[in-house]
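The residues making up each chain are set out below.
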Amino acid sequence: MIAAMDHVQLAAPAGSEDALRAFYVDALGMTEIPKPPVLATRGGCWFRTGPVQLHLGIEAEFRPAKKAHPGLRVTDIEAFAARLEAHGAAVQWDGDLPGHRRFFSHDPVGNRLEFLEPVDG
């Protein structure tokens with residue numbers, strides 16, 4: 001039986017770790033967590049906020065995820081969107097999911113990310 005989602009892994013190109021850190025730590029407010037030493041030699045970086053973990057792994061023939069994406073639940077979605085825009089990330093609002101406010105954005109290497117907040121109604 002599946003009990004919980006442990007993490008989501010996205011791919012990234014070699015040498016992008018500093019840009020990923022700036023985005024996931026500074027823009028999203030996540031904390032970088034250390035990779036186990038045996039995995040750290042492969043590059044990439046891991047991030048956490050509360051129980052949510054995103055792992056960015058290096059892929060030799062990297063192609064950003066344009067359709068596939070993690071859906072990240074946020075609070076105060078307007079302020080969160082403004083925070084991303086202040087860090088230079090484009091925000092694309094989408095009203096197609098009933099019961100939610102949501103927008104899409106991309107990390108610095110082009111991976112698609114969804115941010116959503118349930119609405120009362």
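This report concerns the structure included in the present document. (Residues numbered from 1 in each chain as written. Predicted model: local features only at pLDDT ≥ 70, side-chain atom pairs only at ≥ 80, totals over all residues. Heavy atoms only, no water.)

As for unusual backbone geometry
Excluding glycine, residues mostly have negative phi values, and the peptide bonds linking residues are mostly trans.
Piece 1. Phi is positive for Asp76, which is not a glycine, with a value near 55°.
Piece 2. Tracing the backbone through its elements, the reader meets Asp76 in the loop between strand E5 (71-73) and helix H3 (77-86). (Helix = DSSP H or I, 4+ residues; strand = E, 2+ residues; numbered from the N terminus.)

Points about the pairing of strand E4 (residues 52-58)
Piece 1. Extensive coverage of E4 is indicated by the burial of five of its seven residues.
Piece 2. For strand E1 (residues 8-12) and E4, the ladder comprises five bridges, and the chain directions are parallel. Each residue of the ladder has a partner; that of Gln9, found in E4, is His55.
Piece 3. Relative to E4, strand E3 (residues 45-49) runs antiparallel, the two sharing five bridges. Counterpart to Arg48 in the pairing with E4 is Gln53.
Piece 4. Hairpin connection between E3 and E4: a loop of two residues separates the two successive antiparallel strands, and Gly50 in this loop has a positive phi of roughly 55°. (Buried < 20%, exposed > 50% of the residue type's maximum accessible area, 1.4 Å probe, protein only. Pairing = 2+ DSSP bridges.)

Let's talk about the nonpolar core
Looking at soluble globular proteins, one finds that nonpolar side chains tend to be buried together.
Piece 1. Ranked by internal contacts, the top residues of the largest apolar core, which has 26 residues, are Phe23, Tyr24, Leu28, Leu84, Phe103 and Phe115.
Piece 2. Of all the secondary-structure elements, those providing two or more residues to this core are E1, helix H1 (17-27), E3, E4, H3 and strand E8 (112-118).
Piece 3. In this structure Phe23 touches Leu28, Leu84, Ala89, His106, Asp107, Pro108 and Leu113, once residues within four positions along its chain are discounted. (Core = buried A, V, L, I, M, F, W, Y, C linked by side-chain atoms within 4.5 Å. Contact = heavy atoms within 4.5 Å.)

Things to note about the pattern of salt bridges
Piece 1. The final tally for this structure, using the stated rule, is five salt bridges.
Piece 2. For Glu78, the salt bridge identified is with Arg101, shortest N-O distance 2.4 Å. Highlighted residues: Glu78 in helix H3 and Arg101 in strand E7 (residues 100-106), separated in sequence by 23 residues.
Piece 3. A salt bridge links Glu114 to Arg102; the shortest N-O distance between them is 2.9 Å. Separated by 12 residues along the polypeptide, Glu114 in strand E8 and Arg102 in strand E7 bring together distant segments of the chain. Like Arg102, Glu114 is buried.
Piece 4. A single salt-bridge network, built from bridges that share partners, covers Asp18, Arg21 and Glu32. (Salt bridge = Lys/Arg side-chain N within 4 Å of Asp/Glu carboxyl O.)

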